[in-house]
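Observations on chain architecture
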Amino acid sequence: MFKKMKAPTKQQLYEQIEALERINQKAVAEINREKARIWNELLPKAYEVCRKQLKVFFPNLITMLHFEHVDEGGYWFTFQLINDSRVQTYAVRHGDL
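Residues numbered from 1 in each chain as written. Predicted model: local features only at pLDDT ≥ 70, side-chain atom pairs only at ≥ 80, totals over all residues. Heavy atoms only, no water.

1. Observations concerning the overall build of the protein chain
- When helices and strands are tallied, the protein chain shows 2 helices and 3 strands.
- For 97 residues, the compact-globule formula gives about 13 Å, and the C-alpha radius of gyration of the protein chain, at 24 Å, lies well above that figure.
- Taking the principal axes of the C-alpha coordinates as reference, the protein chain spans close to 85 × 25 × 20 Å.
- Within the protein chain, the proportion of its 97 residues that are buried is 19%.
- Carbon together with sulfur atoms contributes 58% to the accessible area of the protein chain, which is approximately 8100 Å² in total.
- Positive and negative side-chain charges of the protein chain, numbering 15 and 12 respectively, have mean locations separated by a distance of 7 Å. (Helix = DSSP H or I, 4+ residues; strand = E, 2+ residues; numbered from the N terminus. Rg over C-alpha atoms; globule rule 2.2 N^0.38 Å. Buried < 20%, exposed > 50% of the residue type's maximum accessible area, 1.4 Å probe, protein only. Areas by Shrake-Rupley, 256 points an atom, 1.4 Å probe, with all protein chains shown as cover. Lys, Arg positive; Asp, Glu negative; His and termini not counted. Charge placed at Lys NZ, Arg CZ, Asp CG, Glu CD.)

Laid out in structure tokens, this is it:
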């Protein structure tokens, strides 16, 4: 009445897992490329927001504003104040854009 299905072998299951892992790695890589593209497009706006936010705290004192990197947390900048040689870090969060 019912046909008994043949279970896949252990080797077939391992091959299926490996194939799915490759597909997943490609999908993750594509998502990361798309995120990087979007983040790079928003970099000028991040500079603008950073300057605007820092101007509130340090009016006319910012010098050497430099973009460091972008990650999941936001856009990271370093800067110095006119009368202080210490390098300070500031992050513009993705939500601030």
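2. Quick look at helix α2 (residues 43-57)
- Taking 1.5 Å as the rise per residue, α2 with 15 residues should run 21 Å; its terminal C-alpha atoms sit 21 Å apart, in good agreement.
- In this structure, the buried side of α2 is in contact with α1 (10-41), β1 (62-71), β2 (74-81) and β3 (84-92). (Expected span 1.5 Å × (residues − 1). Contact = heavy atoms within 4.5 Å.)

3. A word on the sheet that holds β3
- Strand order in the open sheet formed by 3 strands is β1-β2-β3, with antiparallel pairing between adjacent strands. Edge positions in the sheet fall to β1 and β3, since each of these pairs with one other strand and no more. Sheet twist, expressed as the average angle between the axes of neighbouring strands with direction ignored, equals 20°.
- Bridge analysis of β1 against β2 gives 7 bridges, and the strand direction is antiparallel. Note on β2: the bridge partner recorded for Ile 62 is Leu 81. (Pairing = 2+ DSSP bridges. Axes fitted to C-alpha atoms, helices over the stretch in contact; angles between N-to-C directions.)

4. Topic: unusual backbone geometry
- You will see that Asn 60, though not glycine, has its phi angle at about 55°, which is positive.
- By the secondary structure assignment, Asn 60 is in the loop between α2 and β1.
- For Met 64, which is not glycine, the phi dihedral falls at a positive 55°.
- The topology assignment puts Met 64 in strand β1.
- Residue class for Met 64 comes out exposed when judged on its relative accessible area of 58%.

5. Concerning the pairing of β3
- Pairing geometry for β2 and β3, over 6 bridges, is antiparallel. Bridge pairing links Tyr 75 to Val 92 in β3.
- Joining the antiparallel neighbours β2 and β3 is a turn of 2 residues.

6. Some details on the side chain of Thr 78
- Mapped onto the fold, Thr 78 is located in strand β2.
- With a relative accessible area of 12%, Thr 78 lands in the buried category.
- Within the local environment of Thr 78, its side chain forms a polar contact with the side chain of Glu 68, the two groups lying 3.2 Å apart. (Polar contact = N/O pair within 3.5 Å; in protein donor to acceptor, adjacent residues only side chain to side chain.)

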